[in-house]
Amino acid sequence: MDILLEAALIFSLRVLGIAVSTLATLMTVQGRKFYAAVAGFVSALVYVVAIGKVVANLSNVWNVLAYSAGFSVGTLVGMACEQRLALGFAEVRLISTEKSEVLADTIRQAGFGVTELYGHGRENVVGIVEAIVPRKSVEAVLEAARSVDEKAIVTVTEARSVQRGYWRPTRR
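Residues numbered from 1 in each chain as written. Predicted model: local features only at pLDDT ≥ 70, side-chain atom pairs only at ≥ 80, totals over all residues. Heavy atoms only, no water.

1. So, helix H4 (residues 100-109)
Reasoning step 1: Taken together, the buried positions of H4 are occupied by Ser100, Leu103, Ala104, Thr106 and Ile107. An end-on view of H4 places all buried positions within 165° of arc, on one side of the element. Seen from the open side of H4, the exposed residues pointing more than 90 degrees away from its buried face are Glu101 and Gln109.
Reasoning step 2: Residues of H4 that are buried in the fold lie against strand E1 (89-96), strand E2 (115-120), strand E3 (125-134) and helix H5 (138-148). (Buried < 20%, exposed > 50% of the residue type's maximum accessible area, 1.4 Å probe, protein only. Helix = DSSP H or I, 4+ residues; strand = E, 2+ residues; numbered from the N terminus. Arc of directions from axis to C-beta. Contact = heavy atoms within 4.5 Å.)

2. Some words on the side chain of Thr106
Reasoning step 1: Mapping Thr106 onto the fold places it in helix H4.
Reasoning step 2: Polar contacts involving the side chain of Thr106 include one to the main-chain carbonyl oxygen of Val102, which spans 2.8 Å.
Reasoning step 3: For Thr106, the contacting residues outside a window of four places in its chain are Ala144, Ser147 and Val148. (Polar contact = N/O pair within 3.5 Å; in protein donor to acceptor, adjacent residues only side chain to side chain.)

3. Let's talk about the pattern of salt bridges
Reasoning step 1: As enumerated under the stated definition, the model contains seven salt bridges in all.
Reasoning step 2: The shortest N-O distance in the salt bridge between Glu91 and Arg93 comes to 3.0 Å.
Reasoning step 3: Here Glu116 makes a salt bridge to Arg108, at a shortest N to O gap of 3.2 Å.
Reasoning step 4: Overall, Glu116 belongs to the partly exposed group, its relative accessible area being 29%.
Reasoning step 5: The exposure class of Arg108 is partly exposed, given its relative accessible area of 35%.
Reasoning step 6: Three or more residues joined by partner-sharing salt bridges are found here, namely Glu91, Arg93 and Glu130. (Salt bridge = Lys/Arg side-chain N within 4 Å of Asp/Glu carboxyl O.)

4. Some words on the nonpolar core
Reasoning step 1: Residues Val92, Leu94, Leu103, Ile107, Val129 and Val133 are the most contacted members of the largest nonpolar core, which totals 18 residues.
Reasoning step 2: In terms of residues, this core owes the most to one element, H5, which gives six residues.
Reasoning step 3: The residues contacting Val92, other than those within four sequence positions of it, are Val129, Glu130, Ala131, Val133, Val138, Val141, Leu142, Thr155 and Val156. (Core = buried A, V, L, I, M, F, W, Y, C linked by side-chain atoms within 4.5 Å.)

Shown next, in the form of structure tokens:
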């Protein structure tokens, strides 16, 4: 096999293997056991083929470089795929000094469930608005929030497990 063609094959295999491995790790963290196991199997299979090609000819520097570069690019590809898939749920928390009630109503009108809390900030009372939403819907919640209070403090965290609640009907 041509030296550069073999290096390209190793690079491609490594990109695929690491991208799938990245997704497997994220699925494991989210508790998606079956999908994590399948992705892990595919990742291991691709790894064995790629490393076999490298080890068969360690004097070929192109293979070693392709293997290493494939790892880096595969990590980026895996992260990009995960962001596009946006599996799971996120908790969006907004803290507003003046507009928390309007903020909560606007997010509800957009079709999301909201919980309102009140707290004491450094200088005065603040409203805390929380919504647990599918990760694909985070930007819609943030857009609704920005339209009401651009100064609201916003945090978005991953919700590891969600068991009950109000969910906006999925639109396809």
